[in-house]
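Given next are the chains, with one letter for each unit.
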Amino acid sequence: MSRSVANIARRLLIDVCKWRKSARGIASEYSQMKEAFVTFDRVGSIFFYMLIAWITCLMAYKVQPYQPSEPKWVNGQRTKRHFENRLYYTGIFLILFAVSVLRFDIGNDYRQYTQTAHEAYVGGYVVTEFGFNMLVKVLYWISGGEYYELVFAVFALVTLIFFLKAFIVQSESFSQSFFLFMTLGLYFQTFNTVRYYLALSVALFSMRYVLEKDFMKFVFWILAAALFHKSVLLVIPVYWLASCQWKRWHVAAGLMVSLVCYAAQKLILQLALLLYPSYKNTIYLEGGSSRVHVLRILAVLALYGWFVWYTKDKLKNNPCYQKIQFYGHLNLLAFAAGTFFSFLPVVTRIVYYFSVSQLFMIPLILQNIDDKIVQKRVGRIIYAVCIVYFGVFLLEAHQDGVGLLPYRSWLFETQRYHYK
């Protein structure tokens, strides 16, 4: 009897071991299938982003620049060039707006924004600015519910309008500025921290008023942007400083101040936390700037230095000298902020306020190279570097802190975020 019981127990133990082994195999296969599906979905999203960039850049290339004193209207009708350009502008905007507004849970802070919008709507504690809070309340009141998709849509709308308007009005080449906007990943980064990128687009748009010495309009637009992200207030003194004529001793003094601030980083950090108390006891205090971004700034500064050497004395007689110098100063300040002030919380956001001028600076340099052969060679190098940069950006876009892959749309999702 005891032997039969022992045999039955032994068989049960063997069966259980086989079942566990089989279950582990099934779980392992399921895990591998799930990982393969995620990888396939990510690769598909990369091709989708590349397709969007290729189509819109091709449309931007089709935009024909206007000739000096060329009329846009003749006998009360648009000229053919004006009509076609407006058509391409509209097409680019609609494609980018659709991709942005239809996304779901894309970006490292999408879910956080849905919760913040809920707290702002019900009167809870939030650290967001007055403009964001009031916009959420108005939109939720109009729509009759917490439709956070509408909030993201409004931010995408305004951000794209300011970026594209800046390229049309201020850039020497709309197609080149737009190409940089896409391949440097700035458009796709607008899916993250939507308040900040709205402020960044307004800062870029407002550069024209600094160059025109129209400081009333400049301050007005920056104050309006500060209703959504107060960090943009920093550009008021910095843009004015960059527009001034610098001498060698100015650069030397700036370098000394940067070194002193780096040495007294604990004191500077305490002062920064007075402006942003919400960063206390958070991971943001670790600071740190993007090395890739700093290297990109260095590359642009090298291009600027080469251009100054290449043009030599001709540059000061160039009508674009003021613009080129302004953008050069901003990139120099961006490099200083990204290195000597790397200990500050989310310093990359500060750096972008200065380095975003590259969207204007690079086309301006290219357009002012007199030798067409040299111009084409430099242009090809820039295009090649940007394409490689875009590829690397997409390959890393799934990582924590970015969260741009895989692309998902609420058109095909049943999931929503609900808060009580």
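Structure: above.
Note that this is a predicted model, so its numbers are computed, not measured. (Residues numbered from 1 in each chain as written. Predicted model: local features only at pLDDT ≥ 70, side-chain atom pairs only at ≥ 80, totals over all residues. Heavy atoms only, no water.)

1. A few points about the side chain of Arg 103
In plain terms, the rule: The secondary structure listing takes helices from DSSP runs of H or I that are at least 4 residues long and strands from runs of E that are at least 2 residues long, numbered from the N terminus. Three exposure classes are used, based on accessible area relative to the maximum for each residue type with a 1.4 Å probe and protein chains only: buried under 20%, partly exposed in between, and exposed over 50%. Counting rule applied: Lys, Arg positive; Asp, Glu negative; His and chain ends not counted. A carboxyl oxygen of Asp or Glu within 4 Å of a side-chain nitrogen of Lys or Arg is what we treat as a salt bridge. Think of a polar contact as two N or O atoms within 3.5 Å of one another; within protein, one of them needs to be a possible hydrogen donor and the other a possible acceptor, and neighboring residues in sequence only count if both atoms come from side chains.
Within the secondary structure, Arg 103 is located in the loop between helix H2 (80-101) and helix H3 (110-122). Notably, Arg 103 is buried but unbridged: the nearest opposite-charge side chain belongs to Asp 109, and the N-O separation is 6.6 Å. Among the polar contacts listed, one links the side chain of Arg 103 to the backbone oxygen of Ser 100, at a separation of 2.8 Å. Of the polar contacts made by the side chain of Arg 103, one reaches the backbone oxygen of Phe 191; its length is 3.3 Å.

2. Side note on the layout of surface pockets
To be explicit about the condition: Only protein atoms enter the 1 Å grid, on which a cavity is a set of points fitting a 1.4 Å probe that cannot get out and a pocket is an open set with protein on both sides within 12 Å along at least 5 of 7 lines, lining residues being those with an atom within 4 Å of a point. Grid points are joined across faces, edges and corners, and a volume is the space filled by probe spheres set on the points.
In this structure, the second largest pocket occupies an estimated 1200 Å³ of space. What lines the second largest pocket is a set of 41 residues, and nearest its centre among them are Leu 234, Val 238, Ala 337, Phe 341 and Phe 354. For the lining of the second largest pocket, the secondary structure elements donating two or more residues are helix H10 (235-243), helix H11 (248-263), helix H12 (265-275), helix H14 (321-339) and helix H15 (347-355). In terms of residues, the lining of the second largest pocket owes the most to one element, H11, which gives eight residues.

3. Examining the packing of aromatic side chains
Inclusion rule: Only Phe, Tyr and Trp rings take part, Trp by its six-membered ring, and two of them pair if their centres are within 6.5 Å. Stacked means planes under 30 degrees apart, edge-to-face means over 60, and tilted covers everything else. Only when the NZ of Lys or the CZ of Arg is both within 6 Å of the ring centre and within 35 degrees of the ring normal is a charge said to sit over the ring.
Evaluated as defined, the whole model comprises 40 aromatic pairs. Here the aromatic rings of Phe 162 and Trp 221 are separated by 5.4 Å at their centres, their planes lie at 75°, and the arrangement is edge-to-face. One end of the pair, Phe 162, is in helix H5 (residues 148-170); the other, Trp 221, is in helix H9 (residues 215-226), with 59 residues separating them in the sequence. What makes Trp 221 partly exposed here is its relative accessible area of 26%. The residue whose ring lies beneath Arg 349 is Tyr 196, and the NZ or CZ to ring-centre distance is 6.0 Å.

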